[in-house]
Every structure is written in C-alpha cells, then in structure tokens.
Amino acid sequence: MPTIKGLQAILIKDMYREAMLKKGYAFFDRDKRYNLNIIGVRRVEGAAPNKFDDTIVAIYRNQEKAWEVFTSDITTDPGFYWLQEPMNVNGTAILVPGQYRGVYKRDLHLGKYEALCQRGAEVSVYRDANSDRRHDMDSSTIDTGFFGINIHKAGRASSQVDKWSAGCQVFSHSDEFATFMDLTEEGAQRYGNSFTYTLLLETDFDN
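Quick caveat: nothing in here was measured; it's all calculated off a predicted structure.

**Q** Can you break down the overall build of the chain residue by residue, with the values?
**A** From N to C terminus, the chain includes 3 helices and 12 strands. Taking the principal axes of its C-alpha atoms as reference, the chain extends roughly 50 × 40 × 30 Å. Taking all 207 residues of the chain together, 49% fall into the buried category. Considering only contacts in the chain between residues 6 or more positions apart, those separated by 24 or more positions represent 65%.

**Q** Give a detailed account of the environment of Gln8, specifying residues and quantitative values.
**A** Its location among the elements puts Gln8 in helix H1 (residues 6-22). A residue is classified by how much of its surface remains accessible, and Gln8, at 49% relative accessible area, is partly exposed. In this structure the C-alpha to C-alpha distance between Gln8 and Arg101, which are 93 residues apart in sequence, comes to 27 Å.

**Q** Which residues make up the sheet that holds strand E9 (residues 143-145), and what are the values?
**A** Across the sheet, 3 strands lie side by side as E5-E8-E9; this open sheet has antiparallel pairing. One side of each edge strand has no neighbouring strand; the edge strands of this open sheet are strand E5 (92-95) and E9. Put simply, the sheet's adjacent strands are angled 45° from each other on average, direction ignored. Where strand E8 (residues 123-128) and E9 come together, 3 bridges link them in antiparallel fashion. Bridge pairing in E9 links Ser124 to Thr144.

**Q** How would you explain the nonpolar core if you had to name every residue and give the values?
**A** One finds Tyr104, Phe180 and Tyr197 to be the most contacted residues of the largest nonpolar core, which totals 33 residues. Elements supplying a minimum of two residues to this core: strand E3 (54-61), strand E4 (67-75), E5, strand E6 (98-109), strand E7 (113-118), E8, helix H3 (174-191) and strand E12 (195-201). Looking at which element gives the most residues to this core, the answer is H3, with 5 residues. Counting 14 residues, the second largest nonpolar core, distinct from the first, contains Ile4, Tyr16, Ile39 and Leu200.

About the cut-offs
Along each chain, the written sequence defines residue order, and numbers are assigned to residues from 1. Local features in this predicted model are restricted to residues whose pLDDT is 70 or higher, and side-chain atom pairs enter the listing and the counts only when it is 80 or higher, whereas totals over whole chains, interfaces and linings include all residues. Calculated side-chain values reflect all of the structure's heavy atoms, with hydrogen atoms and water omitted. Comment: elements are numbered from the N terminus, with helices defined as DSSP H or I runs of at least four residues and strands as E runs of at least two. Only protein chains enter the accessibility calculation, which uses a 1.4 Å probe; a residue is then buried when its area is under 20% of its type maximum, exposed when over 50%, and partly exposed in between. Two residues qualify as a contact provided that any one of their heavy atoms is within 4.5 Å of a heavy atom in the partner residue. Strands pair, by our definition, only if DSSP identifies at least two bridges between them. Each axis is a line fitted through C-alpha atoms, and for a helix only the stretch in contact is used; angles between axes span 0 to 180 degrees, taken between their N-to-C directions. Here, the term nonpolar core denotes a set of buried Ala, Val, Leu, Ile, Met, Phe, Trp, Tyr and Cys residues that are joined through side-chain atoms within 4.5 Å.

Rendered as structure tokens:
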C-alpha cells in the first residue's frame, strides 16, 4: 500500500494519537524525524481466522518533518496450523493488546533475515490450548514472558496465514515488509535499535 501523506496523514495521525492517549499509551513525536509509532490494529467485527485481515501502521515525521503514514495488511493472530498443533504445551500464543515499550529490536528472525524481534522485554499472550480453528482470547490464560513474538513477513504475497504465524505479527506482502524495515533502519540510526509496538483493537476507535 502506498505511504499516505498530506492532510490525510495528519487526520489519521490525530485519530490514532487520540485512541492511544485515551488508553494511557505514549505517542511519539517531539517534532523529531522518523520517531516511529508502530501500531497494529486487530480486526474484531467479521474477523476471519487464517486471513491477513489486520492492519499495521507506522506514523512518523519524514525528513521534512511532515507527517506520513505507512500502512500494510498483516495478521496479529496465529494461523490454522499452529492453532491445531501448538508448539507450547500451554497452548498457542495470541498477543494481548497493549503497548510494549522498547520490546523490539532489528535482528535476525529465525536466523534468516532482519525483522523486528522480541529482544528487549516480555510480552503478554493468551494461550489457546483447545486445538480448534478459533482464536480463544481468555484473560484467565494470559502468560507473560519471552516467546519470540516477532514482527516479520510471510511469502511474497500470501493470502493464508497457515504456518506463517504461531503468534507473531506477520506481513502478507514481502515488498511492503521491506519498506517497513527501511523505516525502522531510519529510526534506529537516529534513536538506537529499540522499538515500541502497540496493539490496538478496531473497537478502540469507537467514540
């Protein structure tokens, strides 16, 4: 998807900023270039398991300090394969919505390619242990720790999640992921190799 600029970018920025501040989350600005706000939005209404039907955005000021919004399709949920074949005895991981400050660093995902990897701190996940094809997000199952919940890519242009996610936040298109990683490189050069990821629900934007 193209990067959004101009008035539309400002309006989107204001919408996300308001939603985040209402929840007590930080929104990064301070009039700095490439001070990235990396935000996932999990679909609630009509969500389809095993589809890339969620969204990720990066909201930031560009080199001229004008607002830009990068957006792409992702999944914030595991695919059918890992729902039915949990790699953890307590169940498949589903990231709990929240703001994960300084959790992510540019590093090698599975030793293969650069991605944003969970290196800086713990995250919280629901554990879905019944091996069906539904995402069960029960607060009584929340588990917190280092689980390798990374932000990475699927194939060149994937339409099914399948094995691509066991709880990670996964881009459906590799070219859009490459653009995203270019933005993180800009951010890392200015502020160091540490990134915050915020996961919202689409209902967080309801008035």
